[in-house]
Amino acid sequence: SIYPQVRKFLLPKLETGKYKRLELVDLFGGDGEFVERMLSSLERVSTDFHCNIVDLNKSSLSVAQKRFTGSSTVLVHEPRDLTYEELFKGINYPPNVVTVLGGLCADVLSRNEALSIANKIYQGISPEGLFVLSGYTPILLNATDFVNLGFKVQNMSVPANALARTLQHPYQLYILRK
């Protein structure tokens, strides 16, 4: 699972105290597993935080809805096609953290769709906001694409097993700042 690696790299960026109010949006968030794993860590970082789970898959969002029934800090949004619809519709504040774990990969989108979504994220994220991108390779975008959109690359990792003959999937991880 990529979640422990994302938490390892993301939490130090959040613990700087830069965010009085933390608004996290998990695009392609599916069943909400990542948000669930991050909740206890987010509670240590900020007393005022909200998480939003956005995806197209109705059955995954149904699982997320059940997972967070009664939560005052997690909102599971109605299904939406992120390639055509407004990414941050229904979110009260500009997000200062956007995560896309597995959503901008070749099996999910075209390169043009991935660029369009990354640009929408840049336009909608708060100043100094973080964009965390990960997934099993191939991710359709690279560091140059993100810099060309206006992001500053804070972290990028090349999969340790990218060239190895293994059954384990390689992954990439980018942490970008507006």
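This text goes with the structure placed above it.
Now for a quick tour of the structure.

The rules we used
- Residues numbered from 1 in each chain as written.
- Predicted model: local features only at pLDDT ≥ 70, side-chain atom pairs only at ≥ 80, totals over all residues.
- Heavy atoms only, no water.
- Helix = DSSP H or I, 4+ residues; strand = E, 2+ residues; numbered from the N terminus.
- Buried < 20%, exposed > 50% of the residue type's maximum accessible area, 1.4 Å probe, protein only.
- Polar contact = N/O pair within 3.5 Å; in protein donor to acceptor, adjacent residues only side chain to side chain.
- Expected span 1.5 Å × (residues − 1).
- Arc of directions from axis to C-beta.
- Phe/Tyr/Trp six-rings, centres within 6.5 Å; stacked < 30°, edge-to-face > 60°.

1. Comments concerning the environment of Thr69
Phase 1 of the analysis: Along the polypeptide, Thr69 turns up in the loop between α3 (58-67) and β3 (74-76).
Phase 2 of the analysis: The exposure class assigned to Thr69 is exposed, which follows from its relative accessible area of 63%.
Phase 3 of the analysis: Polar contacts involving the side chain of Thr69 include one to the main-chain carbonyl oxygen of Gln65, which spans 2.8 Å.
Phase 4 of the analysis: At 3.3 Å, the side chain of Thr69 and the backbone oxygen of Lys66 are in polar contact.

2. A word on helix α4 (residues 111-124)
Phase 1 of the analysis: Between its terminal C-alpha atoms α4 stretches 20 Å, which fits the 20 Å expected from 14 residues at 1.5 Å a residue.
Phase 2 of the analysis: Three or more residues of α4 are buried, namely Ala114, Ile117, Ala118, Ile121 and Tyr122. Projected onto a plane normal to the axis of α4, the buried residues spread over an arc of 140 degrees and lie on a single side. Away from the buried face of α4 by more than 90 degrees, exposed residues Asn112 and Gln123 are located.

3. Considerations on the packing of aromatic side chains
Phase 1 of the analysis: Across all of its chains, the model carries five aromatic pairs by this definition.
Phase 2 of the analysis: Measuring from centroid to centroid gives 5.6 Å for Tyr3 and Phe34, while their planes differ by 40 degrees, and the two rings are tilted. Highlighted residues: Tyr3 in helix α1 (residues 3-14) and Phe34 in helix α2 (residues 33-45), separated in sequence by 31 residues.
Phase 3 of the analysis: Given a relative accessible area of 17%, Tyr3 falls into the buried group.
Phase 4 of the analysis: Taking the centre distance of 5.4 Å and the plane angle of 45 degrees together, the rings of Phe131 and Phe151 count as tilted. Taken as a pair, Phe131 in strand β5 (residues 130-136) and Phe151 in the loop between α5 (143-149) and β6 (152-157) lie far apart in primary sequence, 20 residues in all.

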